[in-house]
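The primary structure of each chain is shown beneath.
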Amino acid sequence: TNDKDIKFNGFDNGSGITALTLDMSSGGTATFNNELYIPNYIYHVGDANTYFGFSSDDTYVVSTSGTTALTIDSSQDATFAGDVQVDGGNLGVGTAPTSRNLSVYRSSAGSVANFLHYTDGSNFSGFYINVSQDDDEVILNASGSSGAAFIFQQGNSQSLKLDTSLNATFANNV
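To start, this report covers the structure provided alongside it. (Residues numbered from 1 in each chain as written. Predicted model: local features only at pLDDT ≥ 70, side-chain atom pairs only at ≥ 80, totals over all residues. Heavy atoms only, no water.)

1. Comments concerning the overall build of the chain
A tally of regular secondary structure across the chain gives zero helices and 16 strands. Its C-alpha atoms give the chain a radius of gyration of 28 Å, more than 25% over the compact-globule value 16 Å for 174 residues. Principal-axis analysis of the C-alpha atoms gives the chain an extent of 90 × 40 × 30 Å. Within the chain, buried positions represent 11% of all 174 residues. Sequence separation of 24 or more characterises 1% of the internal contacts of the chain that already satisfy a separation of 6 or more. Carbon and sulfur atoms provide 48% of the accessible area of the chain, an area that totals close to 13,400 Å². (Helix = DSSP H or I, 4+ residues; strand = E, 2+ residues; numbered from the N terminus. Rg over C-alpha atoms; globule rule 2.2 N^0.38 Å. Buried < 20%, exposed > 50% of the residue type's maximum accessible area, 1.4 Å probe, protein only. Contact = heavy atoms within 4.5 Å. Areas by Shrake-Rupley, 256 points an atom, 1.4 Å probe, with all protein chains shown as cover.)

What follows is the structure in structure tokens.
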């Protein structure tokens, strides 16, 4: 019969239920009465390398173009293969997002954020933001495999440089 649903009926502990409905007026949309268990993945029709599911116990993955784009493991750690963008919202690291665009939280003293650039396995330079709970100090640290300097710019012009010997060079009058 045209547009007539297919229903899978049965009994659950003596009560009649509809376990599954296939909606023929909607191209066979499946509606399950309760949970759905799958062994591994759900694939997009006609696109065999785009899927989501479970690569192992307690691990959820999303794959596109044959590449795992997102993995969430049993520790609730999320690993992204590409860039992460937050459009129109706030991002909180270590805490729930606040009213600020970016909030980084750490409950103990130490390095809160590190911005590092590696040129190879042993050569790097970076900028560290540390917090001292004892002194209520925020420490900005430039560091690298061969020392590092702070350079302050306005536009593309250097206005102040603090070199690795702690010498200060100003572009103009102090």
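2. Considerations on the sheet that holds strand E15 (residues 157-162)
The strand order across the open sheet built from three strands is E14-E15-E16, with neighbouring strands paired in antiparallel fashion. Where the open sheet ends on each side, the last strands, each with one partner, are strand E14 (150-154) and strand E16 (168-170). Direction aside, the axes of adjacent strands within the sheet are offset by 20 degrees on average. With five bridges connecting them, E14 and E15 associate as antiparallel partners. Residue pairing for E15: Phe150 is matched across the bridge by Leu162. (Pairing = 2+ DSSP bridges. Axes fitted to C-alpha atoms, helices over the stretch in contact; angles between N-to-C directions.)

3. Quick word on the side chain of Thr21
Looking at where Thr21 falls in the secondary structure, it is placed in strand E2 (residues 15-23). Discounting residues that sit within four places of it in the chain, Thr21 has contacts with Asp5, Ile6, Lys7, Thr29, Ala30 and Thr31.

4. So, the packing of aromatic side chains
Overall, the coordinates contain eight aromatic pairs when judged by the stated rule. With 6.2 Å between their ring centres and 75 degrees between their planes, Tyr41 and Tyr43 make a pair best called edge-to-face. When its relative accessible area of 26% is taken as the criterion, Tyr41 is described as partly exposed. Residue classification places Tyr43 among the partly exposed residues on the basis of a relative accessible area of 45%. Both rings, one in Tyr41 and one in Tyr51, keep their centres 4.7 Å apart while their planes meet at 70 degrees; by these two values the pair is edge-to-face. Note that Tyr41 is positioned in strand E4 (residues 41-44) and Tyr51 in strand E5 (residues 47-56), a separation of ten residues in sequence. These aromatic residues form a ring-pair network of at least three members: Phe115, Phe127, Phe150 and Phe152. (Phe/Tyr/Trp six-rings, centres within 6.5 Å; stacked < 30°, edge-to-face > 60°.)

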